[in-house]
Amino acid sequence: MSFALGYVGTVTLALVAIRGIWTGLWKTYPLFYAQIACSLIATVFDIWVWWRHPAAYRWWYWDAQFATMVAACANLVEVIRHGLAKCPAARRFAKSVRYVLYAAVVGFSFAYITHLNDWRRVLTFVSLERDFRAIQALLVVALVGGIFYFGVPLGRNVKGILVGYGIYVGASLVTLAIESRFPAAFLGVWNQMQPLAYNLTLLIYLISLWRYSPVPSPELGPRVRTARQESFVS
């Protein structure tokens, strides 16, 4: 089951990358496709190391997992760039979310690099990834809340990035939280939840980014109009 999901995910990941190059969408969403390329390269190397250098797979796997986990934060940056950052009333909020994301990436990267041998084990890495996914989940919730509060319109492409990544982060957080508390009892079918969510996420990416969909211009909703009126009066 794990191998089947892995190979299906690799094929879907490659299709997302190829379609982005074919349509030129990589120029519009460079950060998104950069993390897609990072995941694809890491996955291909995972397969190569597994078959050619099994002894090195143990340490390579954890490093590749962490690298792709950090690179995936580019999804949130793309949503900010093409959503909240384009709404004048939401720019300060978008900047705050971005700073929190950057601080989390730097902090967790420093912790991982300075204690490499400690994190290259199942239980310790599960705890690390669980904490990092928790922060990502909070940022996803904050972005969704900000989008609804400020009435920011999103195009089909950006919605796909946000929904797909949100599903994967949520499923990962639930899986990791249970594994960290009950590691022995949930090593069977439950462990397939994360790869299943990953494949679903890639499918959402493939469908929503099949062709370019422009982001609608921000409209002056009630809250935005009120904010601008108050700014004008002051």
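Just so we're clear, the structure is a prediction, and the values are computed from it rather than from any experiment.

Trainee: Which residues make up the environment of Trp 26, and what are the values?
Mentor: Position of Trp 26 relative to the elements: it lies in helix H2 (residues 25-28). Classification of Trp 26 as partly exposed rests on a relative accessible area of 41%. Excluding its chain neighbours within four sequence positions, the residues that come into contact with Trp 26 are Gly 20, Ile 21 and Tyr 33.

Trainee: Can you break down the pattern of salt bridges residue by residue, with the values?
Mentor: Any two side chains of opposite charge can pair, given that their charged atoms come close. The tally for this structure, following the rule as stated, stands at three salt bridges. Glu 129 is paired through a salt bridge with Arg 133; the nearest N and O atoms lie 3.3 Å apart. With Glu 129 and Arg 133 both in helix H8 (residues 122-150) and four residues apart, the pair spans about one turn of that helix. As far as the burial class goes, Glu 129 and Arg 133 line up, both buried. Among the ionic pairs, Asp 131 bridges to Arg 130, the shortest N-O distance being 3.2 Å. With a relative accessible area of 26%, Arg 130 lands in the partly exposed category.

Trainee: Kindly report on the environment of Thr 12, identifying the contributing residues and their values.
Mentor: Positionally, Thr 12 belongs in helix H1 (residues 2-23). Thr 12 sits 191 residues away from Leu 203 along the chain, and the two C-alpha atoms are 7.0 Å apart. For Thr 12, the residues in contact, after removing those within four places along its chain, are Leu 202 and Leu 203.

Trainee: If you had to explain the confidence of the model for the protein chain to someone new, which residues and values would you point to?
Mentor: For the protein chain, the mean per-residue pLDDT works out to 85, and 88% of the residues sit at or above 70. Across residues 220-234 the pLDDT falls below 50, and counting only partners more than four positions away or on other chains, this stretch makes eight contacts in the model.

Trainee: An account of the packing of helix H3 (residues 30-52) against helix H5 (residues 74-82) is needed here, citing residue identities and associated values.
Mentor: Axes are the key here: two packed helices are described by the angle between their axes and the distance separating the axes. Orientation of H3 relative to H5, taken along the N-to-C sense of each, is 170 degrees, at an axis distance of 8 Å. Looking at the two axes, H3 sits roughly antiparallel to H5. As for the relative orientation of H3 and H5, their crossing is left-handed in sense. Across the interface between the two elements, Pro 30, Leu 31, Phe 32 and Gln 35 from H3 touch Ala 74, Asn 75, Val 77, Glu 78 and Arg 81 from H5. Partitioned by chemical class, the residues of the contact of H3 with H5 number five nonpolar, two polar and two charged.

Trainee: Provide a residue-level description of the environment of Val 11, including the pertinent values.
Mentor: With respect to the helices and strands, Val 11 occurs in helix H1. Along the backbone, Val 11 and Leu 40 are 29 residues apart, and their C-alpha atoms lie at a distance of 9.3 Å.

Trainee: Any details on the packing of aromatic side chains? Residues and values, ideally.
Mentor: For the coordinates displayed, the defined rule picks out 12 aromatic pairs. Each ring, one from Phe 93 and one from Phe 150, has its centre 6.0 Å from the other, and the planes form 45 degrees; the classification is tilted. Note that Phe 93 is positioned in helix H6 (residues 91-114) and Phe 150 in helix H8, a separation of 57 residues in sequence. Exposure remark for Phe 93: the relative accessible area of 27% places this residue in the partly exposed category. Look at Phe 150 and you get buried, because its relative accessible area is 16%.

Trainee: Which residues make up a nonpolar patch on the surface, and what values do they have?
Mentor: Nonpolar side chains collect at one region of the surface, where Val 163, Ile 167, Leu 200, Leu 203 and Ile 207 lie side by side and expose about 400 Å² of accessible area between them. When residues of the nonpolar patch are traced back to their parent elements, those giving at least two are helix H9 (156-181) and helix H10 (193-208).

Trainee: I'd like a rundown of H5, residues and numbers included.
Mentor: Residues that lie three or four places apart on an α-helix share one face, since the helix turns once every 3.6 residues. Burial analysis of H5 places eight of its nine residues in the buried class, the great majority of the element. For H5, the full list of buried residues reads Ala 74, Asn 75, Leu 76, Val 77, Glu 78, Val 79, Ile 80 and His 82.

Trainee: Explain helix H4 (residues 54-71) residue by residue, including any values.
Mentor: Compared with the 26 Å implied by 1.5 Å per residue over 18 residues, the 25 Å span of H4 between its first and last C-alpha is a close match. Along H4, the sharpest kink reaches roughly 35 degrees, centred on Trp 60. Those residues of H4 not exposed but buried are Tyr 57, Trp 62, Asp 63, Ala 64, Phe 66, Thr 68, Met 69 and Val 70. Buried residues along H4 sit against H3, H6, helix H7 (116-119) and H8.

Trainee: Hey, could you go over the side chain of Arg 19 for me, with residue numbers and the actual values?
Mentor: Along the chain, Arg 19 falls in helix H1. Here Arg 19 sits buried without a salt bridge, and the closest side chain of opposite charge, Glu 78, lies 17 Å off (N-O distance). The contacts of Arg 19, once residues within four sequence positions are left out, are Leu 209 and Trp 210.

Rules behind the numbers
Residues numbered from 1 in each chain as written. Predicted model: local features only at pLDDT ≥ 70, side-chain atom pairs only at ≥ 80, totals over all residues. Heavy atoms only, no water. Helix = DSSP H or I, 4+ residues; strand = E, 2+ residues; numbered from the N terminus. Buried < 20%, exposed > 50% of the residue type's maximum accessible area, 1.4 Å probe, protein only. Contact = heavy atoms within 4.5 Å. Salt bridge = Lys/Arg side-chain N within 4 Å of Asp/Glu carboxyl O. pLDDT = per-residue confidence, 0-100. Axes fitted to C-alpha atoms, helices over the stretch in contact; angles between N-to-C directions. Parallel < 35°, antiparallel > 145°, perpendicular 65-115°, else oblique. Left-handed = near helix turned anticlockwise from the far one by under 90°. Nonpolar A, V, L, I, M, F, W, Y, C, P; charged D, E, K, R; others polar. Phe/Tyr/Trp six-rings, centres within 6.5 Å; stacked < 30°, edge-to-face > 60°. Patch = residues over 30% accessible without salt bridge, like charges linked within 9 Å, V, L, I, M, F, W, Y side chains within 5 Å. Areas by Shrake-Rupley, 256 points an atom, 1.4 Å probe, with all protein chains shown as cover. Expected span 1.5 Å × (residues − 1). Bend = angle between axes of the 7 residues up to and from the residue. Lys, Arg positive; Asp, Glu negative; His and termini not counted.

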